[in-house]
Amino acid sequence: MRYKTYIALMLMLLPLGVNAQRRGRAVKTPKVEEPVEDPRITQMRASTQKVTFIDSVVVDKVDFMRHIPLSPHIGKLTQSNGLGTFTNEMGDHRLATTPDTLIVATDFIANRWTEAVPVNGIGDAPAINPFLMPDGITLYFAQKGEKAIGGFDVFVTRYDSERQQFLKPENLGMPFASEANDLFYAIDEFNQIGYFVTDRRQPSGKVCIYSFIPSDKRQTYNIEAYSEEQMHALADISRIADTWEDKQGRAEALERLEKARNTQGNLASSIKGTPQQTELDDLRHQADVLSKALTMARNYYATANDDERQKLRGEILHSEQQLEMLQTEIRNKEKQIPYQN
């Protein structure tokens, strides 16, 4: 009887002893490894350019260029289906983005635009939204690829007249580079204002246009004078007020910006509603509709049978001729209107 009681007692105490051992044993927690940052990002942040940002505004991505009050003395910005085009101040040289995300160039010679050709030297990676400085040499554009740290980054290149192509593009670096899409960069030398467009921290379909004071010399932050958190904020443009060291300079630049915006609004109002502008808008609408119809016809042609292709060939050829005539008429009308955006 005593033996049975002893065994029962042991059985009752056994789970308690095991649990006690489990509680006493050190539990190993899995080690969480910190994500390794791209060394290019670390290097860029350490050499973040010192820039005074004037203002910022959030607009629709598809037509953000119409919100940039670029002086007509510098050139003209336009967008079609979200694709950016820059025409120089003389109206005789144009850089455009194609639906295939290529940058092409064309010139107005003998009262007509030449056939658009790809810009040489900027690489084969997708490229959009060109801006050519008045010197005719310095080109800014946005591009994807291995040299970008996110989606699109802004690059700069210069034209080599001897080789007749642009030199190897360079990434502008931070704060104009990020892991988001940085889509456009331009400097209005007439108003002494720069413009930078990005979708960082923005909802789908929106972008932020930052205006800033351009500088002839690149200055970088002294990283020893700032904490790591502060450098992250400056590199990412978390708060433009953090860049207002020169408050007087920023105030003067803000006045220039407001004047540029008012000038843009007055010019746009003087053109809007005129017979020339109405006719131009109609022509653009016709060209847009015809272009979309052509795209659909070409896509269908690829999968059509022989009989269908034979019928489509003539229709596609006729539509292409019509579109070319419309585009020529649009260009001639654009030449008659001094300012558009």
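Shown above is the structure to which this text applies.
All of these numbers come straight from a predicted model, not from anything done at the bench. (Residues numbered from 1 in each chain as written. Predicted model: local features only at pLDDT ≥ 70, side-chain atom pairs only at ≥ 80, totals over all residues. Heavy atoms only, no water.)

Engineer: I'd love a proper account of the overall build of the protein, names of residues and values included.
Structural biologist: A tally of regular secondary structure across the protein gives six helices and 15 strands. A buried classification covers 37% of the 341 residues belonging to the protein. Long-range contacts, defined here as pairs at least 24 residues apart, represent 55% of the contacts in the protein between residues at least 6 apart. In the form shown here, the protein has an accessible surface area of approximately 21,100 Å², with 52% of it arising from carbon and sulfur atoms. (Helix = DSSP H or I, 4+ residues; strand = E, 2+ residues; numbered from the N terminus. Buried < 20%, exposed > 50% of the residue type's maximum accessible area, 1.4 Å probe, protein only. Contact = heavy atoms within 4.5 Å. Areas by Shrake-Rupley, 256 points an atom, 1.4 Å probe, with all protein chains shown as cover.)

Engineer: A description of the side chain of Thr 157 should follow, citing residues and the corresponding values.
Structural biologist: Examined against the element boundaries, Thr 157 turns out to sit in strand β10 (residues 153-160). By relative accessible area, Thr 157 is classed as buried at 1%. Looking at Thr 157, its side chain comes within polar contact range of the main-chain oxygen of Leu 167, at 2.5 Å. The contacts of Thr 157, once residues within four sequence positions are left out, are Ile 122, Ile 137, Thr 138, Leu 139, Phe 141, Phe 166, Leu 167, Lys 168 and Pro 169. (Polar contact = N/O pair within 3.5 Å; in protein donor to acceptor, adjacent residues only side chain to side chain.)

Engineer: Lay out the packing of aromatic side chains with the relevant residues and their values.
Structural biologist: Counted according to the given criterion, the structure contains 16 aromatic pairs. Between Tyr 185 and Phe 212 the ring centres are 5.5 Å apart and the planes differ by 35°, which places this aromatic pair in the tilted class. With Tyr 185 in strand β13 (residues 182-188) and Phe 212 in strand β15 (residues 206-212), the pair connects residues that are 27 residues apart, well separated along the chain. Here Tyr 185 matches Phe 212 in class, with each residue buried. Feature note: the residues Phe 53, Tyr 140, Phe 176, Tyr 185, Phe 196, Tyr 210 and Phe 212 constitute an aromatic cluster, connected by ring pairs. The ring of Tyr 301 is capped by Arg 309, whose NZ or CZ atom sits 5.0 Å from the centre of that ring. (Phe/Tyr/Trp six-rings, centres within 6.5 Å; stacked < 30°, edge-to-face > 60°. Lys NZ or Arg CZ within 6 Å of the ring centre and 35° of its normal.)

Engineer: Break down helix α6 (residues 306-336) for me, citing the residues and quoting the values.
Structural biologist: Along an α-helix, residues three or four apart share an orientation, since each turn contains 3.6 residues. An ideal rise of 1.5 Å per residue puts 45 Å on 31 residues; α6 measures up with 45 Å between its terminal C-alpha atoms. A maximum bend of about 25° is found in α6 at Leu 312. Along α6, the residues that are buried comprise Leu 312, Ile 316, Ser 319, Leu 323, Leu 326, Ile 330, Lys 333 and Glu 334. Structurally, the start of α6 carries an N-cap: the backbone nitrogen of Asp 307 is 3.2 Å from a side-chain oxygen of Asn 305. (Expected span 1.5 Å × (residues − 1). Bend = angle between axes of the 7 residues up to and from the residue.)

Engineer: Tell me about the pattern of salt bridges, residues and numbers included.
Structural biologist: This model, assessed by the stated rule, comprises eleven salt bridges. With its nearest N and O atoms 3.0 Å apart, the salt bridge here joins Arg 40 to Asp 38. Looking at Arg 40, the relative accessible area reads 32%, which means it is partly exposed. A salt bridge links Arg 298 to Glu 320; the shortest N-O distance between them is 2.8 Å. Note that Arg 298 is positioned in helix α5 (residues 275-303) and Glu 320 in helix α6, a separation of 22 residues in sequence. Because the salt bridges share partners, they merge into one network encompassing Asp 182, Arg 200, Arg 201 and Asp 236. (Salt bridge = Lys/Arg side-chain N within 4 Å of Asp/Glu carboxyl O.)

Engineer: Hey, could you go over the environment of Phe 64 for me, with residue numbers and the actual values?
Structural biologist: Along the polypeptide, Phe 64 turns up in the loop between β1 (53-60) and β2 (75-80). Accessibility expressed as a relative area gives 1% for Phe 64, which makes it buried. Along the chain, Phe 64 and Val 207 lie 143 residues apart, while their C-alpha atoms are 7.5 Å from each other. Dropping the residues within four chain positions of it, Phe 64 is found in contact with Val 59, Gln 79, Asn 129, Phe 184, Val 197, Val 207 and Ile 209.

Engineer: Tell me about the sheet that holds strand β14 (residues 193-198), residues and numbers included.
Structural biologist: Two orientations exist for strands paired in a sheet by backbone hydrogen bonds: parallel and antiparallel. An order of β1-β15-β14-β13 is seen for the four strands of this open sheet, with the pairing classed as antiparallel. Two strands lie at the open edges of the sheet, namely β1 and β13, each paired on one side alone. Taken pair by pair, the neighbouring strands of this sheet meet at an average axis angle of 15°, ignoring direction. By the bridge criterion, seven bridges tie β1 to β15 in an arrangement that is antiparallel. (Pairing = 2+ DSSP bridges. Axes fitted to C-alpha atoms, helices over the stretch in contact; angles between N-to-C directions.)

Engineer: Explain the nonpolar core to me, and be specific about the residues and the numbers.
Structural biologist: Counting residues in hydrophobic clusters, the biggest one holds 50 residues, and the most contacted among them are Phe 64, Phe 131, Phe 184 and Tyr 185. Excluding residues that lie within four positions of it along the chain, Phe 131 makes contacts with Leu 70, Ile 74, Leu 77, Phe 86, Thr 138, Leu 139, Tyr 140, Phe 184, Tyr 185, Ala 186 and Ile 187. Core analysis: the second largest hydrophobic core is formed by twelve residues, Leu 280, Leu 290, Leu 326 and Ile 330 among them. (Core = buried A, V, L, I, M, F, W, Y, C linked by side-chain atoms within 4.5 Å.)

These figures come from the coordinates and say nothing about function on their own.
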